[in-house]
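# Architecture at a glance
Below, each chain spelled out in residue letters.
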Amino acid sequence: MDRSDGFFKKVYETARLIPYGRVTSYGAIARFLGAPGSARMVGWAMNASHNLNDVPAHRVVNRKGLLTGKHHFEGTDLMQQLLENEGIQVIDHQVIDFDKVFWDPNKEL
DNA sequence: ATTCTGACGTGGG
DNA sequence: CCCCACGCCAGAA
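The paragraphs below set out a description of the structure included in this document. (Residues numbered from 1 in each chain as written. Chains lettered and ligands numbered in written order. Predicted model: local features only at pLDDT ≥ 70, side-chain atom pairs only at ≥ 80, totals over all residues. Heavy atoms only, no water.)

### Brief notes about the protein's contact with DNA strand B
Counted only if it meets this: Nearness here has a simple test: a residue counts as near a molecule or strand if at least one of its heavy atoms is within 4 Å of that partner. The definition of a polar contact used here is a pair of N or O atoms within 3.5 Å, where within protein one atom must be able to donate a hydrogen and the other to accept one, and adjacent residues in sequence count solely through side-chain atom pairs. Only runs of H or I of at least four residues qualify as helices and only runs of E of at least two qualify as strands under DSSP, and these elements are numbered from the N terminus. Three residue categories are used. Nonpolar comprises Ala, Val, Leu, Ile, Met, Phe, Trp, Tyr, Cys and Pro, charged comprises Asp, Glu, Lys and Arg, and polar comprises the others, including Gly.
Residues in contact with DNA strand B amount to 17 residues; listed here are only the nearest, Arg40, Gly43, Arg63, Gly69 and His72. A share of 47% is what sugar and phosphate atoms reach among the atoms of DNA strand B within 4 Å of the protein. A distance of 2.5 Å is found between a base nitrogen of DNA strand B and a backbone nitrogen or oxygen belonging to Gly43. One of the backbone nitrogen or oxygen atoms of Gly69 is found 3.3 Å away from a base nitrogen of DNA strand B. Listed by contribution, the elements that provide at least two residues to the surface near DNA strand B are helix H2 (26–33) and helix H3 (39–48). The greatest single-element share of the surface near DNA strand B, amounting to 7 residues, is contributed by H3. Tallied by class, the residues present in the surface near DNA strand B amount to 6 nonpolar, 8 polar and 3 charged.

### Some points on a nonpolar patch on the surface
Convention followed: Each patch is built from residues lacking any salt bridge and having more than 30% relative accessible area; the joining distance is 9 Å for like charges and 5 Å for nonpolar side chains (Val, Leu, Ile, Met, Phe, Trp, Tyr). Areas reported here follow the Shrake-Rupley algorithm with a probe of radius 1.4 Å; residue values treat only the protein chains shown as occluding. Think of a salt bridge as a Lys or Arg side-chain nitrogen and an Asp or Glu carboxyl oxygen that are within 4 Å of each other. Relative accessibility decides the category of a residue: with a 1.4 Å probe and only protein chains considered, values under 20% of the type maximum give buried, values over 50% give exposed, and everything between is partly exposed.
Nonpolar side chains collect at one region of the surface, where Leu17, Phe32 and Leu109 lie side by side and expose about 290 Å² of accessible area between them. Among the structural elements, Phe32 can be located in helix H2. Residue classification places Phe32 among the partly exposed positions, given a relative accessible area of 34%.

### Quick word on the pattern of salt bridges
Enumeration over the complete set of coordinates arrives at 2 salt bridges. Across the pair Glu86 and Arg59 runs a salt bridge whose closest N-O atoms are separated by 2.8 Å. On the criterion of sequence distance, the pair formed by Glu86 in the loop between helix H4 (78–85) and strand S3 (90–91) and Arg59 in the loop between H3 and strand S2 (60–61) is long-range, its members being 27 residues apart. For the pair Glu86 and Arg59, a shared accessibility class is recorded, and that class is buried.

### Focus: the protein's contact with DNA strand C
In the vicinity of DNA strand C, the residues found are Gly37, Ser38, Arg40, Met41 and Trp44. Considering the 4 Å shell around the protein, atoms of DNA strand C inside it are sugar or phosphate in 71% of instances. Here a sugar or linking oxygen of DNA strand C sits 3.4 Å away from a polar atom, N or O, in the main chain of Gly37. At 3.5 Å, a side-chain N or O of Ser38 approaches a sugar or linking oxygen of DNA strand C. Looking at the surface near DNA strand C residue by residue, the class counts come to 2 nonpolar, 2 polar and 1 charged.

See below:
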């Protein structure tokens, strides 16, 4: 059916756990799921999550804090707008104070 | 079936 | 910090 059980579902749940005003990286989620080398699959799952509204994909960035996925959002600045709306400062598609707003599931959970 | 790509990450230089 | 090469697995052509 629509909900693939396993990896995808875990990605969605983890993404939902991201607190307000925080961001995480694909690799962090992938490692939390037990797939440290399959960070790409997290991004792929996010692409599938495009239909879901409970998955704040805009809070997920790459390890550099760069909004690599902004290209897949509507318009051209939507992802940045959402992050700034949460109090996250974003300049040139890059998250400022990334180490401060970074939320690591392995560390926080 | 094969081949390529892709919202990434890590390691070496 | 940058650049290059490899690995990872799912999906599309």
